[in-house]
Amino acid sequence: MSTFQELGLNDDLLHAITDLGFEKPSEVQEKAIPILLNSETDLVALAQTGTGKTAAFGFPMLEKIDVNSRTTQGLILSPTRELCLQITNEMKQYGKYCKGLNVVAIYGGSSITDQAREVKRGAQIIVATPGRMKDMISRRLVDISKIQYSVLDEADEMLNMGFKEDITDILSHTPEDKSTWLFSATMPREVARIAKKFMDNPQEITVGNKNESTSNVSHEYYLVNSRDRYQALKRLADANPDIFSVVFCRTKRDTQKVAENLIEDGYSAGALHGDLSQNQRDLVMQSFRKNQIQMLVATDVAARGIDVDDITHVINYQLPDEIETYTHRSGRTGRAGKTGVSMVIVSKSEVRKIKSIERIIKREFEKKDIPDGMEICEVQLMSLANKIHNTEVNHEIDQYLTSINEMFEETSKEELIKKFFSVEFTRFFNYYQKSKNLNVAEGSRDGGREGGRAFGGNSNSTRYFINVGEKDGFDWMKLKDFLKDQLQLGRDDVFKVEVKDSFSFFNTENETKEKVLAHFTDFKHEGRFVNVEVSENRGGGRRNDRRGGGGRRDDKRGGGRRSDDRRGGSGNRSDRRRGSDSGSKPRRSDSDSSGGNFSRPRRSRR
Ligand code: AMP
């Protein structure tokens, strides 16, 4: 293992490295820095975020540019505004003893004139998001015709976000003979294509294996019924009192809902997704950075710019559609030499995805059980005891001690301790004492969705009627795709699709019922109203569907009348839904969800 000195960095950089407290180079730095310092070469580096890659390209770039010139010599492209700002900040810190250095960030959502003014003052290095960069080039507010070094950071993310054309356009304004350094966590075909197109015989380095997860992260999965997903999430949080986590959901709507539920249930949580304004997102991120939020619930896209090093847990509330995305998610923890845990809550139908992810990340998952109520009570109690043990006495209390002491004159130390801890313990105990076991045994058929798919179905899935069928050009595959796209669900989340002549049936798990019905409220497809309602035929395949009378339904299709019916009936509609819920499903007795919605003890905030 080399030292930064041995890698050949100059004194200004070594001085800054000492200030930053970096003791030794990380793997990607050890591999990349000597190559980039000692040759003018293109480079493809496969490295996850959090491995120290900014310094891996940052140190050589800072060493190689001429700070006495005001010409822009280095361009770093990054996928998000957050990452762009993070890189700029890091570069400024690394180069703080390089006199005359000016690093400028260019990103959307902020004044373009201010950014242009900064560039005009002479920016040797520009860190930019592709969209704003392209804009500034077309307005001739930047000149990148003389750059010598370009970095494509998180190249896979930039391509995922649709920046391919922007990147191509931007690079067409740069000199042919510059060096290009591409950093990517994964190497999908698109990235390989970009590397081939823009680079000349690049050297390659890999930190870990391609797509592989860092060894600092352990991977765990928890098998539960889909309907218990939210309870499971809360238990995982309660079992880890000092959790500082990102909780990933698949859709913006789920993200918002899970965050809202958590907040309502007393957790310090926040939502981060694309339907929030930039300002709202900034505020959430600010609170998260300051550790004021313990659980940041996020979509994959919104989480791309999260630049926080001490995340203890990543929780996959739902698995991503593209399993490759798991690498990015789990890479949010275990950064900067710390360890982290990536947890996945899965239902039975998703277990096989765990195997696929294991193949990709080349690491094994540990199957763990959702802790039971008493385990959580114990963890909370011991955490409180620890906290008290480590608390420094605040002597402002002294003035009140006389009366407090009087109150406890007759109480022994043992009794006092018991009473003191009972305040907290009883809260959790009352909440959890009747809680059920949320774990599902692997291979069992009860409870999981598999059971729901059997003929006749069970209470875990909901069957719907939809007023489109073969006449509308659907077969079961097309309808499944249509529903999956509309509802932003995974391929396996819509099942038992049965297409009839002019109407059809399909199932989803109960937890998506509200979402399905809300989505298809006053919903028009190709100019006509598409209506979805809960069917009383729970299994499908039988001919006694209430909606299965065919003709009657068919008569009602399309047109304005339908719309009137729908609007006029919206109240009834929800009544009907409630009615069918209570009629066909057993009432939940899980104490996790008792007390109205999700009553739970308030947690102590950080
Ligand atoms: P990055 O992968 O560039 O986002 O870096 C992740 C974090 O690791 C940043 O906060 C860096 O400041 C930190 N870091 C980078 N290199 C080192 C190092 N050699 N030792 C300790 N921390 C580092």
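Residues numbered from 1 in each chain as written. Predicted model: local features only at pLDDT ≥ 70, side-chain atom pairs only at ≥ 80, totals over all residues. Heavy atoms only, no water.

Here the structure, examined in full by the defined rule, presents 17 aromatic pairs. Relative to Phe421, the ring of Phe420 lies with its centre 5.6 Å away and its plane at 85°, an arrangement referred to as edge-to-face. Taking the centre distance of 5.9 Å and the plane angle of 20° together, the rings of Phe425 and Phe429 count as stacked. With Phe425 and Phe429 both in helix 17 (residues 413-432) and four residues apart, this pair spans about one turn of that helix. (Phe/Tyr/Trp six-rings, centres within 6.5 Å; stacked < 30°, edge-to-face > 60°. Helix = DSSP H or I, 4+ residues; strand = E, 2+ residues; numbered from the N terminus.)

Any two side chains of opposite charge can pair, so long as their charged atoms come close to each other. As enumerated under the stated definition, the model contains 30 salt bridges in all. With a closest N to O distance of 4.0 Å, Glu190 and Lys164 form a salt bridge. A residue pair is termed long-range when its members are at least 10 positions apart, and Glu190 in helix 9 (residues 189-198) and Lys164 in helix 8 (residues 164-171) qualify at 26 residues. The partly exposed category is assigned to Glu190, whose relative accessible area is 29%. It is possible to trace a salt-bridge network through shared partners that takes in Lys53, Asp153 and Glu154. (Salt bridge = Lys/Arg side-chain N within 4 Å of Asp/Glu carboxyl O. Buried < 20%, exposed > 50% of the residue type's maximum accessible area, 1.4 Å probe, protein only.)

Before going further, it helps to spend a moment on the site of the ligand. Taken together, 17 residues are adjacent to the ligand, and Gln29, Gly50, Gly52, Thr54 and Asp309 come closest. Lys24 places a main-chain nitrogen or oxygen 2.9 Å from a nitrogen atom of the ligand. For the ligand, the protein covers 86% of the area, taking 500 Å² as the surface of the free molecule. Those elements giving two or more residues to the shell around the ligand turn out to be helix 3 (53-64) and helix 4 (81-94). Looking at the shell around the ligand, its residues break down into four nonpolar, eight polar and five charged. (Near = heavy atom within 4 Å. Polar contact = N/O pair within 3.5 Å; in protein donor to acceptor, adjacent residues only side chain to side chain. Areas by Shrake-Rupley, 256 points an atom, 1.4 Å probe, with all protein chains shown as cover. Nonpolar A, V, L, I, M, F, W, Y, C, P; charged D, E, K, R; others polar.)

Let's shift gears to the sheet that holds strand 12 (residues 313-316). Strand order in the open sheet formed by seven strands is 10-11-9-12-13-8-14, with parallel pairing between adjacent strands. Strands at the two margins of the open sheet, each flanked by one partner only, are strand 10 (269-272) and strand 14 (365-367). Across the sheet, the mean angle from the axis of one strand to that of its neighbour is 25°, orientation sign disregarded. In terms of strand pairing, strand 9 (residues 245-248) meets strand 11 (residues 295-298) through four bridges, oriented parallel. Bridging across to strand 11, Phe248 finds its partner in Ala298. Packing against the sheet, helix 10 (residues 229-238) makes contact with strand 8 (217-223), strand 9, strand 11, strand 12 and strand 13 (340-346), and its axis sits at approximately 160° to strand 13. Where helix 11 (residues 252-264) meets the sheet, it contacts strand 10 and strand 11, and its direction lies at approximately 165° from that of strand 10. (Pairing = 2+ DSSP bridges. Axes fitted to C-alpha atoms, helices over the stretch in contact; angles between N-to-C directions. Contact = heavy atoms within 4.5 Å.)

Time to look at helix 17. With 20 residues, helix 17 extends 28 Å between its outermost C-alpha atoms, agreeing within 8% with the 28 Å of an ideal straight helix rising 1.5 Å per residue. Of all the bends found along helix 17, the most pronounced is centred on Ser422 and spans about 45°. Listed as buried for helix 17 are Phe421, Glu424, Phe428, Tyr431 and Tyr432. For helix 17, the elements touching its buried residues are helix 10 and helix 15 (373-389). (Expected span 1.5 Å × (residues − 1). Bend = angle between axes of the 7 residues up to and from the residue.)

Here the protein chain averages 81 in pLDDT, and 83% of its residues register 70 or above. Across residues 445-458 the pLDDT falls below 50, and counting only partners more than four positions away or on other chains, this stretch makes 34 contacts in the model. Long-range and interchain partners of residues 539-606, a stretch whose pLDDT sits below 50, account for 140 contacts in this model, where long-range means more than four residues apart. (pLDDT = per-residue confidence, 0-100.)

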